[in-house]
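# Structure at a glance
Take a look at the letters that make up each chain.
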Amino acid sequence: MRPAATLQDLLDREAIRDCMHRYCRGIDRADEDALRSAYWPDATDEHGAYRGSAAGFIEQALVKLRAGGQRVHAICNMGIDLRGDSAAVESYFIALQASAAAPTQETFLAGRYLDRFERRQGEWRIAARTVVYDWLEERERPELAEGDMRFGARRPVGSAWPGDALYRFWSTT
C-alpha cells in the first residue's frame, strides 16, 4: 500500500502536470514562451531523429510549427515518481499532425514522454526528455479545395500564437 501523499506531493504533481500542458500548448500554438517555460535552459531532448539540447529542439521545431499546418497534442495517463527535487515522469501522449508543407498528409502519433523533472527554486521543469513512440500511422487526407470550409460554421478555429482565441480570451478575463 502506498503511503498517503502530503500536501506538498500533491502541489508538486500538479505543477508537473501544468508544465506538461504548457508544453502541449506551446507545440500546438507555436508558442515559443510556453515551450521554453517547460524546459530548463540546460535540458536535453531525444525526440525522434533529434538528439541534443532542448533549446536546439525548440529552435528546429519552431521553424516547422511557424510554417503552418494543424496540430493537437493531448496528455493522457501520467505516472509521477517524486524523488525530492527531481521526479521520474512517464506521460502518455496522442498527437494528430498535418504540416503546411504536405497538407494532404496527416500523421497520428501515440507514445510516451519519459521525463526527468527537476525542481529549482521551487519551480518544476523538464531537465531531460526521451520520447518513446508506441504508435505511428500516416495517411492521406482528401484534397482540400481553395477556400476550404472544413469547419463550416464552427468558429473560432484554432491557430498559432498570437492569433489563437486563447490569447484573446486570456487578455480579456
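This write-up is about the structure you can find in this document. (Residues numbered from 1 in each chain as written. Predicted model: local features only at pLDDT ≥ 70, side-chain atom pairs only at ≥ 80, totals over all residues. Heavy atoms only, no water.)

## Observations regarding the environment of Asp9
- Relative to the elements of secondary structure, Asp9 occurs in helix H1 (residues 7–29).
- Under the relative-accessibility criterion, Asp9 is labelled partly exposed at 25%.
- Put simply, Asp9 and Leu82 are 73 residues apart on the chain and 7.6 Å apart in space, counted from C-alpha to C-alpha. (Helix = DSSP H or I, 4+ residues; strand = E, 2+ residues; numbered from the N terminus. Buried < 20%, exposed > 50% of the residue type's maximum accessible area, 1.4 Å probe, protein only.)

## Some thoughts on unusual backbone geometry
- The amide bond that connects Trp161 to the next residue, Pro162, takes the cis arrangement and shows omega of 0°.
- For Pro162, the position within the fold is in the loop between strand S6 (123–140) and helix H4 (165–172).
- Unlike most non-glycine residues, Ala30 shows phi in positive territory, near 55°.
- The topology assignment puts Ala30 in the loop between H1 and helix H2 (32–38).
- Residue Ala30 is classed as buried on the basis of its relative accessible area, which comes to 3%.
- The phi torsion at Gln121 lies on the positive side, around 50°, for a residue other than glycine.
- Relative to the helices and strands, Gln121 is located in the loop between strand S5 (105–120) and S6.

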